[in-house]
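# Tertiary structure, described
Each chain is listed here by its residues.
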Amino acid sequence: MAPHADEILIREAKPDDFGDVFELVLELRSSHGEKGKLDKQGIRPIFQRYLSNSDKYIYVAESRGLLVGFMSITIGESLYEDKPWAEVDELVVKEGYRSQGLGGRLLDEVFRIAHERQCNVVVLAADSNNARAIEFYGELGFKSGEIVLEKELAVGETDGGLG
């Protein structure tokens, strides 16, 4: 039986959360059809940088001592705008705990941080095939904006002579 929403604690991640967060990352990657192996020891320093960088955050959803969701956030800025923005880098709720308001409660934290940091927008990406996530984000006021284009690079590949 799933816990009541009041039994879920949303808190900042701690160093000891790494193993559970890594398992949630694997679940997220699997849901996106990622087949490649992820190097746990390669991800650990990235996790540690999130915890020590004042422009990065990780929040977790905890139920009875079990991490059932997490969200990572980066505060960014550019020369294009005179205000920073908040970007949700990853957001995942464990299967079996979805549709109970946990994603919304995690997103409340990015809205709070964005307000504190005087960000002008919160951005996130959703897989174009994930209609459930797109509908959820739309219900929270997110609108489709820019199209993000990606180019996969092999490890050690250069910029293709553009630099």
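What you see is a predicted model, and the numbers here were worked out from it, not measured in a lab.

## With respect to the overall build of the protein
Helix and strand counts for the protein come out as four helices and five strands. Starting at the N terminus and ending at the C terminus, the protein contains elements arranged as β-α-α-β-β-β-α-β-α. Its C-alpha atoms give the protein principal-axis dimensions of about 55 × 35 × 35 Å. Residue burial in the protein is summarised as follows: out of 163 residues, 33% are buried. Partitioning the contacts of the protein with sequence separation of at least 6, the portion at a separation of at least 24 is 61%. Carbon and sulfur atoms form 51% of the exposed surface of the protein, whose accessible area is close to 11100 Å². Positive and negative side-chain charges of the protein, numbering 19 and 30 respectively, have mean locations separated by a distance of 4 Å.

## Some words on the pattern of salt bridges
Side-chain pairs of opposite charge can arise whenever the charged atoms involved come near each other. One pass over the full model with this rule turns up nine salt bridges. We note a salt bridge from Arg112 to Glu116, for which the minimum N-O separation is 2.8 Å. Separated by four residues within a single helix, Arg112 and Glu116 lie in helix 3 (residues 102–116), roughly one turn from each other. The exposure class of Arg112 is partly exposed, given its relative accessible area of 34%. Judged by its relative accessible area of 53%, Glu116 is exposed.

## Re helix 3
For helix 3, built from 15 residues, the straight-helix expectation of 21 Å at 1.5 Å per residue is met to within 8% by its first-to-last C-alpha distance of 22 Å. For helix 3, the full list of buried residues reads Leu102, Gly103, Gly104, Leu106, Leu107, Glu109, Val110, Ile113 and Ala114. Lining the buried residues of helix 3 we find strand 1 (8–12), strand 2 (56–63), strand 3 (66–76), strand 4 (85–93), strand 5 (122–124) and helix 4 (131–139). Count one or two residues on from helix 3 and you reach Gln118, which has phi positive near 60 degrees.

## Brief notes about the packing of aromatic side chains
Taken as a whole and assessed by the stated rule, the structure comprises five aromatic pairs. Relative to Tyr137, the ring of Phe136 lies with its centre 5.3 Å away and its plane at 50 degrees, an arrangement referred to as tilted. The class of Phe136 is partly exposed, set by a relative accessible area of 27%. On the numbers, 5.9 Å between centres and 70 degrees between planes, the contact of Tyr137 with Phe142 is edge-to-face. No difference in accessibility class separates Tyr137 from Phe142, as the two residues are buried. Connected via pairs of aromatic rings, a cluster forms that spans Phe111, Phe136, Tyr137 and Phe142. Looking at Lys56, its charged tip hangs above the ring of Tyr50, at a distance of 4.6 Å from the centre.

## Remarks on helix 1 (residues 18–31)
Taking 1.5 Å as the rise per residue, helix 1 with 14 residues should run 20 Å; its terminal C-alpha atoms sit 20 Å apart, in good agreement. For helix 1, the secondary structure elements touched by its buried residues are helix 2 (40–52), strand 2, strand 3 and strand 4. Phi turns positive one or two residues past the end of helix 1, at Gly33, with a value near 80 degrees.

What counts and how
- Residues numbered from 1 in each chain as written.
- Predicted model: local features only at pLDDT ≥ 70, side-chain atom pairs only at ≥ 80, totals over all residues.
- Heavy atoms only, no water.
- Helix = DSSP H or I, 4+ residues; strand = E, 2+ residues; numbered from the N terminus.
- Buried < 20%, exposed > 50% of the residue type's maximum accessible area, 1.4 Å probe, protein only.
- Contact = heavy atoms within 4.5 Å.
- Areas by Shrake-Rupley, 256 points an atom, 1.4 Å probe, with all protein chains shown as cover.
- Lys, Arg positive; Asp, Glu negative; His and termini not counted.
- Charge placed at Lys NZ, Arg CZ, Asp CG, Glu CD.
- Salt bridge = Lys/Arg side-chain N within 4 Å of Asp/Glu carboxyl O.
- Expected span 1.5 Å × (residues − 1).
- Phe/Tyr/Trp six-rings, centres within 6.5 Å; stacked < 30°, edge-to-face > 60°.
- Lys NZ or Arg CZ within 6 Å of the ring centre and 35° of its normal.

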